[in-house]
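Notes for the structure review
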Amino acid sequence: MQASRARLFKEYKEVQREKAADPDIQLVCDDSNIFKWTALIKGPSETPFEGGVFQLAFAVPEQYPLQPPQVRFLTKIFHPNVHFKTGEICLDILKNAWSPAWTLQSVCRAIIALMAHPEPDSPLNCDSGNLLRSGDIRGYQSMARMYTRLAAMPKKG
């Protein structure tokens, strides 16, 4: 557990130092628990998620970095690789392709890449995956855009 604390503290310092370097990701450590983090990520440009800000929750295991963090979307998102109700993310690096070389910041980058390049063949959201597999790109994009507007964009007062 000491090693994981040291590693997370090192990542925390790097996040503080590089805040301006990566404006698409805002990683925040819980004040009272270094194993709990949240992130705000910007939807990638030229995708239905553009203009949205999505919140992620990280639960980091005590065996980190030997085991991957559990990450889920707190913001609703219409995407084939994200469970619509739980926010669970189907991404190989969070499962069997994890490496201790990954950091929480690089996991956020991989999730942004997944948002831009969905994998409809391993869907957690079957409706979304079926639209893409059947070639209905327009249907998928309009649903994804609608949920981005509803859940991930600031309300105009």
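Residues numbered from 1 in each chain as written. Predicted model: local features only at pLDDT ≥ 70, side-chain atom pairs only at ≥ 80, totals over all residues. Heavy atoms only, no water.

- You'll find the protein chain entered in an unreviewed UniProt entry as E2 ubiquitin-conjugating enzyme, with Vitis vinifera given as the organism.

**Some details on the packing of helix H3 (residues 126-133) against helix H4 (residues 137-152)**
- Two elements in contact, H3 and H4, have axes separated by 7 Å at closest approach and are oriented at 145°. Between H3 and H4 lies a crossing whose hand is left-handed. Counting all contacts with H3, which are made through Ser128, Leu131 and Leu132, the residues of H4 involved are Ile137, Gly139, Tyr140 and Met143.
- Counted by class, the contact of H3 with H4 contains 5 nonpolar, 2 polar and no charged residues. (Axes fitted to C-alpha atoms, helices over the stretch in contact; angles between N-to-C directions. Helix = DSSP H or I, 4+ residues; strand = E, 2+ residues; numbered from the N terminus. Left-handed = near helix turned anticlockwise from the far one by under 90°. Contact = heavy atoms within 4.5 Å. Nonpolar A, V, L, I, M, F, W, Y, C, P; charged D, E, K, R; others polar.)

**With respect to the UniProt feature "active site" (unreviewed entry) in the protein chain**
- Residues given the UniProt feature "active site" (unreviewed entry) here are Cys90.
- Position of Cys90 relative to the elements: it lies in the loop between strand E4 (70-73) and helix H2 (104-116).
- The exposure class assigned to Cys90 is partly exposed, which follows from its relative accessible area of 26%.
- When residues no more than four places from it in sequence are discounted, the contact partners of Cys90 are Asn81, Leu114, Ser122 and Leu124. (UniProt positions renumbered as here; feature names shortened; annotations may be inferred. Buried < 20%, exposed > 50% of the residue type's maximum accessible area, 1.4 Å probe, protein only.)

**Thoughts on the nonpolar core**
- Residues Ile41, Leu56, Phe58, Phe73 and Ile89 are the most contacted members of the largest nonpolar core, which totals 38 residues.
- Considering each element in turn, this core owes the most residues, 8 residues, to H2.
- In this view, Phe73 contacts Ile41, Phe54, Gln55, Leu56, Val82, Thr86, Gly87, Ile89, Ile111 and Met115; residues no more than four positions away in its chain are not counted. (Core = buried A, V, L, I, M, F, W, Y, C linked by side-chain atoms within 4.5 Å.)

**Topic: the pairing of strand E3 (residues 53-59)**
- As paired strands, strand E2 (residues 36-42) and E3 are joined by 7 bridges and run antiparallel to one another. Across the sheet, the residue bridging to Lys42 is Val53, located in E3. (Pairing = 2+ DSSP bridges.)

**Some words on the layout of surface pockets**
- Approximately 280 Å³ is the volume found for the largest pocket.
- Lining the largest pocket are 15 residues, with Ala57, Ala59, Gln70, Val71 and Arg72 positioned closest to its centre.
- Looking at the lining of the largest pocket, the elements with two or more residues in it are E2, E3 and E4. (1 Å grid on protein atoms, 1.4 Å probe; cavity = no way out; pocket = protein on both sides within 12 Å on 5 of 7 lines; lining within 4 Å. Points joined across faces, edges and corners; volume = space filled by probe spheres on them.)

**So, H2**
- Taking 1.5 Å as the rise per residue, H2 with 13 residues should run 18 Å; its terminal C-alpha atoms sit 19 Å apart, in good agreement.
- Those residues of H2 not exposed but buried are Leu104, Gln105, Val107, Cys108, Ala110, Ile111, Ile112, Leu114 and Met115.
- Here the buried face of H2 lies against helix H1 (2-17), strand E1 (25-29), E2, E3 and E4. (Expected span 1.5 Å × (residues − 1).)

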